[in-house]
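Single-letter residue listing:
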Amino acid sequence: MSHRFPHLEAKKSKEDADVVVSSVSDSNEGDEDARYGSTSAAHRSLEGYHINLIAFGGAIGTAIFIYIGSGLTQAGPLSLLIGYTWWVAVIYCVAMCQMELIAFWPTDCAFSRNAGRYIDEAAGFALGWNFWANEVALVAFEVTSFTVVLEYWSSTLKVNVAVYISIVLAVYFVLNIWSTRYFGNAEFAFAIGKILLITGLLCFTFIAMLGGNPIHDRFGFRYWRDPGVMTTPYPDHPHGVGLFEGFLAAVTNAAFTIAVVAGEARNPRKSMPAAFRKTIYRLVVFFIGGALAVGVLVPYNSANLLNAIGSGAPGAAKSPYVIAMNRLKVKALPSIVNALILSSIFSAGNAYYFGGSRALAQLARDGHAPKIFALRNRNGVPWVAVIVSCLLSLLSYCQVSSSAQVAITWLSGIVTACQLLNWVMFAFTWIKWNWAIKAQGIDRATLPATSIIMPYGAWFAFISGVFVLLMQGYYVFLKGGWNVDNFIFSYLAPIVFVALFIGWKLIKRTTWYRSSDVDLVSFINDPSFDDYVYEDEERGKFGKAVHVTLSKLF
């Protein structure tokens, strides 16, 4: 069904009324509103089942399987569970903000383009570069993690780590350089593997805690009683303060672990809301379920877990799941889990590689980066941006000359701050957009997708995000806790964001939009968003059968 906004039709300019399906991406000059047009209309190739599985599998990588153990040791099982539950609520609210905004205007790179349209062009510029930096850092993080996980088999693998990095980056390049379909099909397959892995681990937890393990230990919630449900990363601090600090550590861990493609999706006004509405299932099952599971399997004071984290043990050796399997004398399964974690990490890095290249290309199309980055091949892939993203992914080689754990610590700090800033700004973008539709008399009932938690959900996400963004590096301000590196990793992203915002605003003299002046008209009814019919499909009988089957299943 096509979604139209009849209350906007009378306001539409002649230029907008004459919009055609062909992309206006490279005709920005001389047309102030052209930047709001679809920049991927002729190149949308991800089906609904691609979007649903990619959204469901999401950016599940190393953190949910391995680094969640750090949150457990610093907070305890109850604080970890509460922290993850709170942050799941935050991310769900951000997802609902995304759903409403993307259904209203299914543009490429929604974080930056929506901020530029509804807040201030300078906000879009700053957020676009922040989002791109976040994606590039995440690629390097996942590639570094990939090599760390491989070290689990270090006794049998005698290959220099640079070889593995080169292979992973080469495969990423091949999957992303020619056609979006390659990326979509690869992520579709990997997403199924991720779902099977996390589902299997949750089932293992349930069966093992009831005594279904080789040593027949029916441990249940034993570790919630001994050593207890809460702890603190600073034992010398007052008890109440220490417990709050433990909870804050759990929330910060969750902020890094939990992450949430309209520009390349076919019929985005139909496919994207469906994917976003299913976000709650992914968040609850994967992240809340995962937080509960690791708190059941391993005590927060586990010597094995603490030693593994402290020594930088390779791969799944510091995963709470694998530590529990070893304690319960479960054979072979740790290696299988490590292999599946490896595939999840590879998939997450591939998704970030894709997102980074598209973000850079969109910055170029919007005039926020050199236009050469927007060049596309005949399949619509921004090949120059893909190459640049590949070159910057070479940061992964930093671990060759230094400890991989040091690289991971640096990258996780940068990523957490960038992600928090993205979520805070997207929630604020929704707030500004909501003020605008109210000021201009648009009834929410006419919108293509709405959520019942709005507007409260947006305000909850915004306030929570600001709180965690400010508090994530608080420990550097404690007595004897000052560390320049930790301060930079915690607060560099917001500082750079403000500097970019102010710089672009002064140079370009951009406008902070009043609600009554926000453009809610241009290209909102672009037909490429919901009723563009693709004539060039060339599927054989088998291909059509597979397409129909996957569309019905997912």
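Preceding this section is the structure that the text describes.
Now for a description of the structure that goes with this document. (Residues numbered from 1 in each chain as written. Predicted model: local features only at pLDDT ≥ 70, side-chain atom pairs only at ≥ 80, totals over all residues. Heavy atoms only, no water.)

### Overview of the pattern of salt bridges
Consideration 1: This model, assessed by the stated rule, comprises seven salt bridges.
Consideration 2: Across the pair Asp-366 and Arg-113 runs a salt bridge whose closest N-O atoms are separated by 3.1 Å.
Consideration 3: The partner of Arg-222 in a salt bridge is Asp-217, with the nearest N and O atoms 2.5 Å apart.
Consideration 4: Looking at Asp-217, the relative accessible area reads 15%, which means it is buried.
Consideration 5: Three or more residues joined by partner-sharing salt bridges are found here, namely Asp-217, Arg-222 and Arg-327. (Salt bridge = Lys/Arg side-chain N within 4 Å of Asp/Glu carboxyl O. Buried < 20%, exposed > 50% of the residue type's maximum accessible area, 1.4 Å probe, protein only.)

### Observations concerning helix H7 (residues 121-150)
Consideration 1: Helix length check: H7, at 30 residues, gives a terminal C-alpha distance of 44 Å against a target of 44 Å (1.5 Å per residue), a fit within 8%.
Consideration 2: Burial analysis of H7 places 27 of its 30 residues in the buried class, the great majority of the element.
Consideration 3: Between the side-chain oxygen at the start of H7 and the backbone nitrogen of Ala-122 there is a gap of 2.8 Å, and the oxygen is on Asp-120. (Helix = DSSP H or I, 4+ residues; strand = E, 2+ residues; numbered from the N terminus. Expected span 1.5 Å × (residues − 1). Polar contact = N/O pair within 3.5 Å; in protein donor to acceptor, adjacent residues only side chain to side chain.)

### Some points on a nonpolar patch on the surface
Consideration 1: A cluster of nonpolar residues, Ile-372, Leu-375, Trp-383, Ile-387, Leu-391 and Leu-394, forms a patch on the protein surface that exposes about 520 Å² of accessible area.
Consideration 2: Take Ile-372: it is sitting in the loop between helix H16 (333-365) and helix H17 (383-392).
Consideration 3: For Ile-372, a relative accessible area of 48% puts it in the partly exposed group. (Patch = residues over 30% accessible without salt bridge, like charges linked within 9 Å, V, L, I, M, F, W, Y side chains within 5 Å. Areas by Shrake-Rupley, 256 points an atom, 1.4 Å probe, with all protein chains shown as cover.)

### Overview of the environment of Ile-387
Consideration 1: Structurally, Ile-387 can be placed in helix H17.
Consideration 2: Ile-387 sits in the partly exposed class, given a relative accessible area of 31%.
Consideration 3: Residues Ile-387 and Phe-373, 14 residues apart in the sequence, show an inter-C-alpha distance of 9.2 Å.
Consideration 4: When near neighbours in sequence (up to four residues on either side) are disregarded, Ile-387 contacts Phe-173 and Ile-177. (Contact = heavy atoms within 4.5 Å.)

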